[in-house]
Amino acid sequence: MSEPFIIDGKAIAASVTDEIASRVARLQKESGVQPGLAVVLVGEDPASQVYVRNKERMALKCGMNSIMHRLPETTSEAELLALVAELNADEAVHGILVQLPLPKQIDEGKVLELIRPEKDVDGFHPINAGLLGAGALDKALLPCTPAGSVLLAKRALGQDLSGKHAVVIGRSNIVGKPVAQLLLQENCTVTIAHSRTQDLPALAATADILVAAVGRPQMIKGDWVKKGATVIDVGINRIPAPEKGEGKTRLVGDVDYEGALANAGAITPVPGGVGPMTIAMLMGNTLIAARRQLGLAAEPALF
Ligand code: NAD
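Residues numbered from 1 in each chain as written. Predicted model: local features only at pLDDT ≥ 70, side-chain atom pairs only at ≥ 80, totals over all residues. Heavy atoms only, no water.

Caption draft 1: Geometry of the packing of helix H6 (residues 144-157) against helix H10 (residues 274-293). The N-to-C vectors of H6 and H10 enclose an angle of 110°; their axes lie 8 Å apart at closest approach. Here H6 is positioned roughly perpendicular relative to H10, judged by the angle of their axes. H10 is crossed by H6, and the crossing has right-handed handedness. Contact residues: H6 offers Cys144, Thr145, Ala147, Gly148, Ser149, Leu151 and Leu152, while H10 offers Val274, Met277, Thr278, Met281, Leu282 and Asn285. Residues of the contact of H6 with H10, tallied by class, amount to eight nonpolar, five polar and no charged. (Axes fitted to C-alpha atoms, helices over the stretch in contact; angles between N-to-C directions. Helix = DSSP H or I, 4+ residues; strand = E, 2+ residues; numbered from the N terminus. Parallel < 35°, antiparallel > 145°, perpendicular 65-115°, else oblique. Left-handed = near helix turned anticlockwise from the far one by under 90°. Contact = heavy atoms within 4.5 Å. Nonpolar A, V, L, I, M, F, W, Y, C, P; charged D, E, K, R; others polar.)

In structure tokens form, the structure reads like this:
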């Protein structure tokens, strides 16, 4: 039996951000404009602080201007909306990202809907969700994790995914639904499974491409995976790891990785699979947003 192809998200993300950095340098040389990414963090959530720091670091690495706004936990909804309005109007800001979750006094939907769709580099605005649903990928900004997931599937299977049966487990607005829509756009036959799906193991076993976006550690077992299938594990779950010492933890995906190795043709590890792609696609979106705002032609797709 041949070993599965391990889809190295870290290396692929690095090659994508290298390409973005060279496109940013070219843009700056040709137009004098440096793409600007504004990141807004409200409060002190430790995980959010790490994410925001990584996004800032990567923006700088890609040659972009990073504009950080750190606001206190007590920020009112009106104050945050005023900042978003200011960033919407600022020509040096091409992409706006408001780190979630927001403190409870702030209505997340209200904030996300105020971001100009052309600057919505997270791809969460209802206009961008609608453009994706309508297949208008040339006008939309695509959500980063779903776009990164499809890019990884293509690195394993080649550019043409048409006719493959994709089973997406999870139907959230930020992962499951948009992944399914992107795979449909790639001419896959797509089934969306969720918590009410009957006989999930049997359904999963019909997938050529199995995408797990559930948020339940190691739920998808090795024998749910068809021989030779490509497994994209979006899940990031922290579980206790007493073998590493008392109180220690480790990250696992939604797929039982060790079990799936026996059947998968290709598989993403956790960590080091889909995770690193999210930031890479965020950089890609910021560059796309900047070019569109400058009225410049689209460049070849990153995936
Ligand atoms: P979510 O909780 O919003 O959605 C989970 C989905 O799984 C729901 O649609 C639900 O119907 C489905 N589900 C729950 N239990 C199920 C079951 N027993 N059987 C079948 N389906 C079931 O989660 P989300 O925001 O979509 O995130 C999913 C996972 O992806 C999480 O582990 C999250 O941490 C991870 N994630 C990773 C990245 C990344 O950068 N790699 C980004 C976003 C989310």
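Caption draft 2: Here's a closer look at the nonpolar core. Ranked by size, the top nonpolar core spans 53 residues in total, and within it Ile20, Leu183 and Met283 carry the most contacts. Among the elements that line this core, the one with the most residues is H10, at nine residues. Residues from two domains meet in this core; each of domain 1 (31-116) and domain 2 (144-275) gives at least three. Residues within four places of Ile20 in sequence aside, it is in contact with Cys62, Met64, Ala280, Met283, Gly284, Leu287 and Leu302. Membership of the second largest hydrophobic core comes to 17 residues, among which are Ala204, Ala212, Val255 and Ala264. (Core = buried A, V, L, I, M, F, W, Y, C linked by side-chain atoms within 4.5 Å. Buried < 20%, exposed > 50% of the residue type's maximum accessible area, 1.4 Å probe, protein only. Domains from an automatic or database assignment.)

Caption draft 3: Broad picture of the sheet that holds strand S4 (residues 95-98). Taken together, the three strands give an open sheet; going across it, the order is S3-S2-S4, and neighbouring strands pair in parallel fashion. On the outer flanks of this sheet lie strand S3 (65-71) and S4, each paired with one strand and no other. For this sheet the average axis-to-axis angle between neighbouring strands, irrespective of direction, equals 15°. Pairing analysis gives four bridges linking strand S2 (residues 36-42) to S4, with the strands arranged parallel. From the neighbouring strand, Ala38 faces S4, where its bridge partner is Ile96. Contacting S2, S3 and S4, helix H2 (residues 46-61) crosses the sheet at an angle of about 160° to S3. (Pairing = 2+ DSSP bridges.)

Caption draft 4: Structural detail: the pairing of strand S7 (residues 209-212). Of the two faces of S7, the one lined by Ile209 and Val211 and the one lined by Leu210 and Ala212 are each fully buried. Direction of pairing for strand S5 (residues 165-169) relative to S7: parallel, over a ladder of four bridges. Counted as the bridge partner of Val168 is Val211 from S7. Of the strand pairs in this sheet, S7 and strand S8 (residues 230-233) are connected by four bridges, and their pairing is parallel. Across the sheet, residue Leu210 finds its bridge partner in S8, namely Val231.

Caption draft 5: Region of interest: the site of the ligand. Taken together, 22 residues form the shell around the ligand, and within it Arg171, Ser172, Arg216, Ile236 and Thr278 come nearest. A distance of 3.2 Å separates a nitrogen atom of the ligand from a polar backbone atom of Ser195. Between the ligand and the protein, one listed contact pairs an oxygen atom with a backbone N or O atom of Val234 at 3.4 Å. Protein contacts shield 71% of the accessible area of the ligand, which totals 860 Å² for the unbound molecule. Broken down by class, the residue content of the shell around the ligand amounts to ten nonpolar, ten polar and two charged. (Near = heavy atom within 4 Å. Polar contact = N/O pair within 3.5 Å; in protein donor to acceptor, adjacent residues only side chain to side chain. Areas by Shrake-Rupley, 256 points an atom, 1.4 Å probe, with all protein chains shown as cover.)

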